[in-house]
Amino acid sequence: MGRMPILAGQAGNGRNAGCGSRGFCPVDRPLPVFYMVDYSVMGLLVDRLDDALRSLNDEGFSIIEEPWGSEVVVESPARTGEIVRLLEERGIACEMADVVGGMYQG
């Protein structure tokens, strides 16, 4: 079981608008143990965050609110496809992306 960030995509560059109240803030997210290389976090960028979170919750997906943003619990890789299909069926644009956008520990 894992968790995947879900956040609003920002018009223009496909990235989150930043560390606002509903945004993903990678600075606040703990780094993995023994982290020593380029760091990325795959997540879902959606055009209607509140609708996406509500839809996923209504369909039984657990949503966890962390200080760095919302995350959806994903029990297996196959569930990721189900999440994308569900959101598309509800008219919510969704794409997988690296939501950190580059972080390097040198």
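Here the structure is a predicted model, which means the values were calculated and not measured.

Conventions we followed
Residues numbered from 1 in each chain as written. Predicted model: local features only at pLDDT ≥ 70, side-chain atom pairs only at ≥ 80, totals over all residues. Heavy atoms only, no water. Helix = DSSP H or I, 4+ residues; strand = E, 2+ residues; numbered from the N terminus. Contact = heavy atoms within 4.5 Å. Areas by Shrake-Rupley, 256 points an atom, 1.4 Å probe, with all protein chains shown as cover. Buried < 20%, exposed > 50% of the residue type's maximum accessible area, 1.4 Å probe, protein only. Polar contact = N/O pair within 3.5 Å; in protein donor to acceptor, adjacent residues only side chain to side chain. Axes fitted to C-alpha atoms, helices over the stretch in contact; angles between N-to-C directions. Parallel < 35°, antiparallel > 145°, perpendicular 65-115°, else oblique. Left-handed = near helix turned anticlockwise from the far one by under 90°.

Right, let's talk about the overall build of the chain for a bit. Looking only at helices and strands, one finds two helices and five strands in the chain. For the chain, the α and β elements follow one another from N to C terminus as β-β-α-β-β-α-β. Look at the contacts in the chain between residues 6 or more apart in sequence, and 73% of them connect residues 24 or more apart. For the chain, the exposed surface amounts to about 6100 Å²; the carbon and sulfur share of it is 53%.

Along the chain, the position of Glu71 falls in strand S4 (residues 69-74). Classification of Glu71 as buried rests on a relative accessible area of 2%. A polar contact is formed between the side chain of Glu71 and the side chain of Arg3, at a distance of 2.9 Å.

A few words on the packing of helix H1 (residues 49-58) against helix H2 (residues 77-89). Between H1 and H2, the shortest axis-to-axis distance is 10 Å and the interhelical angle comes to 120°. Between H1 and H2, the angle falls in the class oblique. For the pair H1 and H2, the sense of crossing is right-handed. Contact residues: Ala52, Ser55 and Leu56 in H1; Ile83, Leu86 and Leu87 in H2.

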